[in-house]
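So you can see what is in the structure, the chains are spelled out below.
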Amino acid sequence: MAADWRPDESGLQQILQLLKESQSPDTNTQRAVQLKLEQLNQYPDFNSYLMFVLTKLTAEDEPTRSLSGLILKNNVKAHFTAFPPTVAAFVKRECLSSIGDPSPLIRATIGILITTIASRGELQNWPDLLPQLCALLDSEDYNTCEGAFGALQKICEDSAEVLDSDVLDRPLNVMIPKFLQFFKHASPKIRSHAVACVNQFIISRTQALMLHIDSFIENLFALASDEEPDVRKNVCRALVMLLEVRMDRLLPHMHAIVQYMLQRTRDADENVALEACEFWLTLAEQPVCKELLSGHLAQLVPVLVNGMKYSEIDIILLKGDVEEDESVPDTEQDIRPRFHRSRTVSQAHAADGQNSTDEDDDIDEDALSDWNIRKCSAAALDVLANVFREDLLPHLLPLLKELLFHQDWVYKESGILVLGAIAEGCMQGMSPYLPELIPHLITCLSDKKALVRSITCWSLSRYAHWVVGQPAETQLQPLMSQLLARILDSNKRVQEAACSAFATLEEEACTELVPYLGFILDTLVFAFNKYQHKNLLILYDAIGTLADSVGHHLNKPEFIQMLMPPLIQKWNLLKDEDKDLFPLLECLSSVATALQSGFLPYCEPVYQRCVNLVQKTLNQATLHQSQPEESEAPDKDFMIVALDLLSGLAEGLGTHVEGLVAQSPVLSLMYQCMQDKMPEVRQSSFALLGDLTKACFQHVKPCISDFMPILGVNLNPELISVCNNAIWAIGEISIQMGTEMQVYVPMVLNHLVDIINRANTPKTLLENTAITIGRLGFVCPQEVAPILQQFIRPWCTSLRNIRDNEEKDSAFRGICAMIGVNPAGVVQDFIFFCDAVASWVNPKDDLREMFYKILHGFKSQVGVENWRRFSEQFPPPLKERLSVYYGM
């Protein structure tokens, strides 16, 4: 029946009319068309009409035919399985018989339709599709061959996994050799399709391709200087992927490949150049990079540096000629979606106090011009600087000298970007030049071009660590005052760059900033009234980071008076549904933690609103579960941010938060959040549980029997942050519960011992696990000590690197108590215990006394001679510390 299907003429005219109307710019017309189309979907053969328009009505204009195909594609996507079998058969047959349509637009539309049907799980139900398309490749007719190849390329992109599985009897064994034959085809379009098809199977190391890898590479080399940019682009893309997957096969030809890629990175076609530039980024991550590239740096460095200049298009897109735009309101598109990073508790800070958050350091100008040659070249130079370190500089310094002092701002700007890109890798080699370069950059902050000022902010932030290490009056003061001036720049891009750079400087300088706090707050508060929407969000971050960096030094009446009114004013203006609450809540969380009791006058409305946000989100989630059709799922980020601010309040206000907790349902809300499906919600609720345990345990204690089993089932190290916060909370609860913790030890102890013994466990998680095991042992030594031997070695190694603090203190008291109960448990690993004890700089007297007893007890137990032999294995610093502090 399908073969003889003919449309009814009046029905056909009605659909054509609709297709014409839907191209109208008028939104009301479009809405009416949309409704009509949905009604027509009720008719079983509506999709046959659409197919008929696409493939048979060759007299109609192409946009109308193509649109008919795209509407059909959407229907296939939505409900192909509900198509009557005759309609489905008609659509499939028409696709294959019309794939050679003379119009490239119609061929492409049919290709999209075919791959949509195929990826709806229909590859299995359409067994003749692949054989027929492959057969059509041999057609004498160019349109048929190109149409079939276009469809195959889309199928390879969308269904690569299925093609390489047993489900279909491994069609790639036939297809890949077939594609390789077309690498030498006369038509550039077809050569390009052929390479693109094979490229889909490189990263997955598809067996069928690996069998033909040598002939693939040989064919790629033959296309190296193809006149068609698309072919060159696909050749470059293939070589970049082969670097990751089959370096062994490329190595013999590496010298030639590097020369080729140097040429392609300068290709006249920007897309080719961008693909080629990726080669250096990928190569830099391979262990052989240094050896392969060291002979080519003299050629490569200038190519990358040259790629870092703004192109004319970039300057137009970035409105590079607009110097003042501070009073132009932002559009919605200007503002990138923000994602809240949930609170992770790490009390055991590493001894060197280094901040390890580097995520803001990436080379980032604007989401607008996305990934381009400039960014790729800068990223490649950054990675190569980390590989070659100082060895890069002889090739770079002459170029830098010329660029940084260039008369043309475009060249000067690129030089400043180069300087920032190499900061991490070449810091040591650059150090001798920085005393002169940094002041030069500081003067560039006043350049008349906004794009120069903005890149200079970023570049300087990359050297913040060096600046903070110099005498404050020579570098930090001038840099700080100029960055603050740029925060108040009249150009929005400069404001943004300056705010971000200042946040990085705050992280590095920490309390060095305390003398300048009044000056800094003056500027940041002034910016509040000056900034448009997007930059306000970045300003919140700079204020939050300032609070994290200077801590309680912010708690002075004059500072509070400056900072809090504008924050609270914004807080009152924002509605509960406004996503701008995220950065503001994060900022307030840092401020509350820093101000401590200074935040008291503001805490009640802030606390209430957070509780309401959590309540609202939970209610909406419940409603959505019971009526998924009528109500939409809530954005749980609101709840996560609110939980984190409650944590900040509890941490900052300490016991002062007690009254607020007593009068609110926060514990029952937290209990629900602890069981949420979304890991980030659980993560934040465990952080809050720990903070409330420290601040007002009398309110938490009645719920412990409900909370502990939930904590026990969340000790899964696959979800690092959830697990980390649950472990930290258990440690805090142990200290408060004392001996009453006994009943809960079996629920958690074995999990904790597993985690501390796992390979590749992140450092923070190890430290928190060790502290919590120590705290459990402190309050319940009889219960934990019997398995001391199972964890003592990793326990000692993970806590030797953290600085003295309360948590370390309680954990070591626990280990001493457990050794008292089970001294045999430590014997085999006693050297590790000695090392951990020696890591204390200043233990409290009674703790030092405990260490003394254990060390001397062990020495007298084994006898002087054995102790001498034993202590000869100690490294000299350890020997010295034990002898000075403990008379060993």
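Structure first, text after, so check above.
These numbers come from a predicted model, not from an experiment.

Thresholds applied
Residues numbered from 1 in each chain as written. Predicted model: local features only at pLDDT ≥ 70, side-chain atom pairs only at ≥ 80, totals over all residues. Heavy atoms only, no water. Phe/Tyr/Trp six-rings, centres within 6.5 Å; stacked < 30°, edge-to-face > 60°. Helix = DSSP H or I, 4+ residues; strand = E, 2+ residues; numbered from the N terminus. Buried < 20%, exposed > 50% of the residue type's maximum accessible area, 1.4 Å probe, protein only. Lys NZ or Arg CZ within 6 Å of the ring centre and 35° of its normal. Axes fitted to C-alpha atoms, helices over the stretch in contact; angles between N-to-C directions. Parallel < 35°, antiparallel > 145°, perpendicular 65-115°, else oblique. Left-handed = near helix turned anticlockwise from the far one by under 90°. Contact = heavy atoms within 4.5 Å. Core = buried A, V, L, I, M, F, W, Y, C linked by side-chain atoms within 4.5 Å. Disulfide = S-S within 2.5 Å. Expected span 1.5 Å × (residues − 1). Polar contact = N/O pair within 3.5 Å; in protein donor to acceptor, adjacent residues only side chain to side chain. Salt bridge = Lys/Arg side-chain N within 4 Å of Asp/Glu carboxyl O. Nonpolar A, V, L, I, M, F, W, Y, C, P; charged D, E, K, R; others polar.

(A) Just the packing of aromatic side chains, in detail. Scanning the entire structure with this criterion turns up 24 aromatic pairs. With centroids separated by 6.5 Å and ring planes inclined at 50°, the aromatic side chains of Trp840 and Phe851 adopt a geometry described as tilted. Taken as a pair, Trp840 in the loop between helix H48 (830–838) and helix H49 (845–862) and Phe851 in helix H49 lie far apart in primary sequence, 11 residues in all. The exposure classification of Trp840 matches that of Phe851, with both residues buried. Pairwise contacts between aromatic rings join Trp795, Phe812, Phe830, Phe833, Trp840, Phe851, Phe858, Trp867, Phe870, Phe874, Tyr885 and Tyr886 into one cluster. When the ring centre of Trp571 is taken as reference, the NZ or CZ atom of Arg609 above it lies at 4.8 Å.

(B) Region of the structure containing the packing of H48 against H49. Two elements in contact, H48 and H49, have axes separated by 12 Å at closest approach and are oriented at 150°. It follows from the interaxial angle that H48 and H49 lie roughly antiparallel. Crossing of H48 over H49 shows left-handed handedness. In contact with Phe830, Phe833, Cys834 and Val837 of H48, H49 contributes Phe851, Ile854, Leu855 and Phe858.

(C) Representation of the nonpolar core within the structure. Ranked by size, the top nonpolar core spans 318 residues in total, and within it Phe216, Trp280, Phe599, Phe791, Trp795 and Ile815 carry the most contacts. Ignoring anything within four residues of it in the chain, the contact list for Trp795 reads Ile756, Ala770, Ile773, Gly774, Ala811, Phe812 and Ile815.

(D) Structural detail: the state of the cysteines. A complete count under the given rule lists zero disulfides for this structure. No disulfide involves Cys197; its sulfur sits 4.3 Å from the nearest other cysteine sulfur, which is in Cys156. Left unpaired, Cys816 is separated from the closest cysteine sulfur, that of Cys796, by 10 Å.

(E) Structural view of helix H30 (residues 517–528). Between the first and last C-alpha of H30 there are 17 Å, a value that for 12 residues agrees with the 16 Å anticipated at 1.5 Å per step. Within the sequence span of H30, burial applies to Leu517, Ile520, Leu521, Thr523, Leu524, Val525, Ala527 and Phe528. On its buried face, H30 is in contact with helix H28 (476–487), helix H29 (492–509), helix H31 (533–550) and helix H32 (557–573).

(F) The arrangement of the side chain of Ser103 in detail. One can find Ser103 in the loop between helix H5 (85–98) and helix H6 (104–122). The class for Ser103 is buried, based on a relative accessible area of 5%. Within the structure, the side chain of Ser103 is placed 3.2 Å from the backbone nitrogen of Leu105, a separation counted as a polar contact.

(G) Geometry of helix H34 (residues 600–626). Over its 27 residues, H34 runs 40 Å from end to end, which matches the ideal 39 Å to within 8%, given 1.5 Å per residue. For H34, every residue scored as buried is listed here: Tyr602, Cys603, Val606, Tyr607, Arg609, Cys610, Val611, Leu613, Val614, Thr617, Leu618 and Ala621.

(H) Up close: the pattern of salt bridges. As enumerated under the stated definition, the model contains 41 salt bridges in all. With a shortest N-O distance of 2.8 Å, Asp214 and Arg249 are connected by a salt bridge. A residue pair is termed long-range when its members are at least 10 positions apart, and Asp214 in helix H13 (residues 213–222) and Arg249 in helix H15 (residues 247–250) qualify at 35 residues. Its relative accessible area of 43% is what places Asp214 among the partly exposed residues.

(I) Inspection of the packing of helix H22 (residues 393–404) against helix H23 (residues 409–421) at higher detail. With their axes 7 Å apart at the nearest point, H22 and H23 run at an angle of 135° to one another. One finds that H22 runs oblique with respect to H23. Crossing of H22 over H23 shows left-handed handedness. Facing Leu396, Leu400, Leu403 and Leu404 of H22, the residues of H23 in contact are Tyr411, Lys412, Ser414, Gly415, Ile416, Val418 and Leu419. Residues that form the contact of H22 with H23 fall into these classes: eight nonpolar, two polar and one charged.

What is shown is where atoms sit, not what they do.
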